[in-house]
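Breakdown of the fold
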Amino acid sequence: MKKLTSILTLASGMLAFGLAGNLAHATPISGSINFDGEATTNTGNLSSATSFSSIIGAVVVPAETGDYAAIPVVTPVTFTPFSFSAAGVTPLWTLTVGGVTYSFDATSIVVNEQNANFLNLEGTGMANITGYTSTAGNWSITDTTVGGSPTFTFGADSSVGSVPDGGTTAVLILLGLAVVGVSMLPRLRKLSPA
């Protein structure tokens, strides 16, 4: 009987440790990242544009914070061209550094201001980093003309805030498992041969 109880205690401890390890990886993302590059629109004119036909030469620029702080400046990033009336863009942007993939999926697109010299888009979406929990955030793109040409100066940023105390949930789950494990011991004693 003592042997069975010891095995069950050890197994419960290993299960709790394994779950705690998995829950520790469920970390929300926080911080912001900024980009510069060039964009062309479907009309060649910011005031009548309804989509980006290409976004090229986009790179990370200084001012990264939080979970993005380790990304080197001038790291290339791939943006997906999109219609300003699209429901979303998956991914809006993506980059990989040292085997870690960073991306952002736009879930809304709003045109805030649009004229011949200036375009400002923004929206909400989900930030993704390998090993982290996808986290809700905001994005914005500002585009300005360069000497009247159909290529525009492009700037973008994405930012997310941390979710309050994700560790509380892990502690509550582990406590619940411990209570269930302890409550099962009397039943297991009745089942084991003497």
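Residues numbered from 1 in each chain as written. Predicted model: local features only at pLDDT ≥ 70, side-chain atom pairs only at ≥ 80, totals over all residues. Heavy atoms only, no water.

Re the overall build of the protein
- The helix and strand inventory of the protein stands at two helices and nine strands.
- Moving toward the C terminus, one meets the helices and strands of the protein in the order α-β-β-β-β-β-β-β-β-β-α.
- Counting every position in the protein, which comprises 194 residues, the buried fraction comes to 30%.
- When contacts within the protein are restricted to residue pairs at least 6 apart in sequence, those whose partners lie at least 24 apart make up 56%.
- On the protein, roughly 10,500 Å² of surface is accessible, and the fraction owed to carbon and sulfur atoms is 64%. (Helix = DSSP H or I, 4+ residues; strand = E, 2+ residues; numbered from the N terminus. Buried < 20%, exposed > 50% of the residue type's maximum accessible area, 1.4 Å probe, protein only. Contact = heavy atoms within 4.5 Å. Areas by Shrake-Rupley, 256 points an atom, 1.4 Å probe, with all protein chains shown as cover.)

Thoughts on unusual backbone geometry
- Looking along the chain, the bond that leaves T90 and enters P91 is cis, with omega of -15°.
- Position of P91 among the secondary structure elements: in strand β4 (residues 89-97).

Details of the nonpolar core
- Formed by 32 residues in total, the largest nonpolar core has its most connected members in Y68, F82 and W93.
- Contributing elements (two or more residues each) for this core: β1 (31-41), β2 (52-61), β4, β5 (100-106), β7 (118-129), β8 (135-145) and β9 (151-160). (Core = buried A, V, L, I, M, F, W, Y, C linked by side-chain atoms within 4.5 Å.)

Re the packing of aromatic side chains
- Counted under the stated rule, the structure contains eight aromatic pairs.
- Aromatic pair F35 and F79: ring centres 5.4 Å apart, planes at 90°, arrangement edge-to-face. Separated by 44 residues along the polypeptide, F35 in strand β1 and F79 in strand β3 (residues 78-79) bring together distant segments of the chain. Residue F35 shares its accessibility class with F79, and that shared class is buried.
- Ring centres 6.2 Å apart and planes at 65° place the aromatic pair F82 and F84 in the edge-to-face group.
- On the basis of relative accessibility, which here comes to 8%, the residue F84 falls in the buried class.
- Joined through ring pairs, the aromatic side chains of F35, Y68, F79, W93 and Y102 make up one cluster. (Phe/Tyr/Trp six-rings, centres within 6.5 Å; stacked < 30°, edge-to-face > 60°.)

Description of the confidence of the model for the protein
- Averaged over every residue, the pLDDT of the protein is 76; the share at 70 or more is 65%.
- The low-confidence segment residues 1-24, where pLDDT is below 50, has 14 contacts with residues more than four positions distant or belonging to other chains.
- Residue range residues 162-185 is modelled with pLDDT below 50. Its contacts to residues more than four positions away, or to other chains, number 11 contacts. (pLDDT = per-residue confidence, 0-100.)

Let's talk about the side chain of D105
- With respect to the helices and strands, D105 occurs in strand β5.
- Look at D105 and you get buried, because its relative accessible area is 18%.
- A polar atom in the side chain of D105 sits 3.3 Å from the side chain of N128. (Polar contact = N/O pair within 3.5 Å; in protein donor to acceptor, adjacent residues only side chain to side chain.)

Remarks on the environment of S51
- Mapped onto the fold, S51 is located in the loop between β1 and β2.
- By relative accessible area, S51 is classed as buried at 15%.
- Once the C-alpha coordinates of S51 and T41 are considered, the two residues, 10 residues apart in sequence, prove to be 5.7 Å apart.
- Other than its neighbours up to four places away in sequence, S51 contacts T40, T41, N42, F82, S83 and F84.

Focus on the pairing of β7
- Inspection of the sheet shows β5 paired to β7 by five bridges, in the antiparallel sense. What sits directly across from Y102, in β7, is I129.
- In terms of strand pairing, strand β6 (residues 110-114) meets β7 through four bridges, oriented antiparallel. In the strand pairing of β7, E113 is matched with N120.
- Sheet topology places β7 next to β8; 10 bridges connect them, and they run antiparallel. Its bridge partner being in β8, G125 is matched across the sheet by G137.
- Remark: five residues form the turn of the hairpin made by β7 and β8, two consecutive strands paired antiparallel; G131 in that turn has positive phi of roughly 90°. (Pairing = 2+ DSSP bridges.)

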